[in-house]
Amino acid sequence: MKPINRRDFLKLAGATFVVAAGGSVWRAVDQGMFSAGKGPVYQAWTNWRDAETPLERIVAAGILASNPHNSQPWIFHITSSTIDLFADTNRQIGVIDPFLREMYIGLGCALENMILAAEAEGFASSPKLMPDSANETHAVHLDLSPAPPQSSKLYSVIPSRHTNRSAYDMRRGISADTLTMINDLVKNENARLFWFAEETEKEKFGQVATAATEALINDEEQSLDSHAWWRQDWSELQERADGITLDAQGLSPFITQAAKFLPDGSRKQNDQIFLKNMRETNIPLSAAFGILTVRDGRDNAQRLECGRIWQRIHLWGTTQGLALQPLNQMCERVDREAQLNKEFTLTKAVRGLVNDDDWHAIMPFRIGYPVQESFPSPRRGLEQVLS
């Protein structure tokens, strides 16, 4: 799948018209060209309040959380008054996340959604992070007790929060007041948010993010493990109900439809498009960048808390009409350099961005006002995540 210029557009448009009667309409339907964000694997976004019991509805909110590569690395166990959240290590994303940093951040995102849903369902919640020292997969034990229902604005936008990978409106900056309000959402002494909103700061962030992307796609193992979660084939997407999809890439409607119609590109081609999007969209067309940090980047409890904060920020941004997207490549390369114990180029660069030895970067992102709609990612249903 290569980038399409004006000449390619005219060729494709003509070819599509000529061969339509010969079976291309079937191809279009078969590949979901007219079904963006639709089908059984998207029902979790619309039926999340339809589960039979309050605790199932709380879990249904949890599975709509942000998570790495849409791997959905969670398993839930329900009793009459508790929910236990476990890491599903079978859904780990390989050397993209060798120390499970992103996995536990994603589990923290699910926890934040569940706490908001518990309040709306009439429960006070008491989470215990990493409750079993002998079992690192046991991420959270959530005790629930009856309380007056409290439905918040953040709870109401849970099904509307989606990662937006498109260009952001550069005519609209992020005000200092908005940055301050987002800072106020970081309610944990072990976490801190660093902003990159001035042009010189954004340029420095962009250089590190681009260099990290280049290093990632040039690392054969990271490239393979990332590509394993790519879901272009419509039938595979409906079967697996996970992964990275064309609809969620923030491409123009025409490019998205053309990409669905054409045969899937090679991993190397897709890697080059990934880099091109970083250089031409994600970096230059963002109003600001942020990096969430913690005191101990290897501590799973702090990772879980960071995930809660990220989910809270993204939900709050949704209430304000803001678009957000994780840009994890730089931290993925830091982890990879530590795994290989060599060439600490990105490690030094990321430390230079934060410039404070007390804080360790674990969650970089971009923010701005969107110029186009973002579509949901597929989700597995309750029956697939309840133990």
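Above: the structure in question.
The written sequence of each chain sets the order in which its residues are numbered from 1. Under the rules for a predicted model, residues below a pLDDT of 70 receive no local features and side-chain atom pairs below 80 are neither given nor counted, while totals for whole chains, interfaces and linings still include all residues. Excluded from the side-chain calculation are hydrogens and water; included are all heavy atoms of the structure.

1. What about the overall build of the protein chain?
Reasoning step 1: The number of helices and strands found in the protein chain is 15 helices and 10 strands.
Reasoning step 2: Each radius of gyration is computed over the set of C-alpha atoms, and the globule rule expresses the reference value as 2.2 Å times the number of residues to the power 0.38. In terms of C-alpha radius of gyration, the protein chain reaches 21 Å, essentially the compact-globule figure of 21 Å for 387 residues.
Reasoning step 3: Considered along the principal axes of its C-alpha atoms, the protein chain spans approximately 65 × 50 × 40 Å.
Reasoning step 4: Buried means the residue's accessible area, taken with a 1.4 Å probe over protein chains only, is under 20% of the maximum for its type, while exposed means over 50%, and partly exposed covers the values in between. Relative to its full complement of 387 residues, the protein chain shows a buried share of 53%.
Reasoning step 5: Two residues qualify as a contact provided that any one of their heavy atoms is within 4.5 Å of a heavy atom in the partner residue. For the protein chain, the share of sequence-separated contacts (at least 6 apart) that also reach a separation of at least 24 residues comes to 78%.
Reasoning step 6: What sets the accessible areas is the Shrake-Rupley method with a 1.4 Å probe; for residues, cover comes only from the shown protein chains. Roughly 17,200 Å² of accessible area belongs to the protein chain as shown, and the carbon and sulfur atoms make up 50% of that amount.
Reasoning step 7: Here the protein chain carries 40 positive and 48 negative side-chain charges, and the mean point of each set is 6 Å from the other. Only DSSP runs of H or I with at least four residues qualify as helices, and only runs of E with at least two residues qualify as strands; both kinds are numbered from the N terminus onward. Only four residue types enter the charge count: Lys and Arg as positive, Asp and Glu as negative, with His and the chain ends excluded. Charge placement uses NZ in Lys and CZ in Arg. For Asp and Glu, CG and CD serve respectively.

2. Side note on the pattern of salt bridges
Reasoning step 1: Just to be clear on terms, a salt bridge is a Lys or Arg side-chain nitrogen sitting within 4 Å of an Asp or Glu carboxyl oxygen. Within the structure shown, the criterion is met by 19 salt bridges.
Reasoning step 2: Salt-bridge contacts for Arg-192 lead to Asp-356; the nearest nitrogen and oxygen are separated by 3.4 Å. Highlighted residues: Arg-192 in strand E5 (residues 191–196) and Asp-356 in the loop between helix H14 (345–354) and strand E10 (360–368), separated in sequence by 164 residues.
Reasoning step 3: A relative accessible area of 24% places Asp-356 in the partly exposed class.
Reasoning step 4: With its nearest N and O atoms 3.1 Å apart, the salt bridge here joins Glu-236 to Arg-240. Of this pair, Glu-236 and Arg-240 are both found in helix H9 (residues 234–240), 4 residues apart, which corresponds to roughly one turn of the helix.
Reasoning step 5: Take Glu-236: its relative accessible area is 25%, and that puts it in the partly exposed class.
Reasoning step 6: Of the residues examined, Arg-240 reaches a relative accessible area of 42% and is grouped as partly exposed.
Reasoning step 7: Each of the salt bridges in this network shares a partner with another, and the network as a whole consists of Arg-91, Arg-231, Glu-236, Arg-240 and Asp-242.

3. Examining the layout of surface pockets
Reasoning step 1: A pocket, in this scheme, is an open set of points on a 1 Å grid over the protein atoms alone with protein on both sides within 12 Å along at least 5 of 7 lines, while a cavity is a set where a 1.4 Å probe fits but cannot get out; residues line either one if an atom lies within 4 Å of a point. Grid points are joined across faces, edges and corners, and a volume is the space filled by probe spheres set on the points. When its volume is computed, the second largest pocket comes out at roughly 440 Å³.
Reasoning step 2: Forming the walls of the second largest pocket are 19 residues, and the residues nearest its centre are Val-334, Thr-347, Arg-351, His-360 and Ala-361.
Reasoning step 3: Put simply, the parts of the chain that give the lining of the second largest pocket at least two residues each are helix H13 (329–340), H14 and E10.
Reasoning step 4: Side-chain classes are defined by residue name, with Ala, Val, Leu, Ile, Met, Phe, Trp, Tyr, Cys and Pro counting as nonpolar, Asp, Glu, Lys and Arg as charged, and the others, Gly among them, as polar. A class-by-class count of the residues in the lining of the second largest pocket yields 9 nonpolar, 3 polar and 7 charged.

4. Re the sheet that holds strand E4 (residues 138–146)
Pairing between sheet strands relies on hydrogen bonds along the backbone, with the strands arranged either parallel or antiparallel.
Reasoning step 1: When DSSP finds at least two bridges between two strands, those strands are taken to pair. Spatial strand order, E1-E2-E4-E3: 4 strands in an open sheet with antiparallel pairing. Edge positions in the open sheet fall to strand E1 (74–78) and strand E3 (123–129), since each of these has one partner strand only. Put simply, the sheet's adjacent strands are angled 20° from each other on average, direction ignored.
Reasoning step 2: Here 7 bridges tie E3 to E4, and the two strands are oriented antiparallel to one another. What sits directly across from Ser-126, in E4, is Asp-143.
Reasoning step 3: Strand contacts of helix H4 (residues 101–121): E1, strand E2 (82–87), E3 and E4, with the helix running at about 160° to E3, the strand carrying the most contacts. Comment: axis = line fitted to C-alpha atoms, over the contacting stretch for helices; angle = value between 0 and 180 degrees taken between N-to-C directions.

From the geometry alone we can't say anything about function, so treat these as descriptive.
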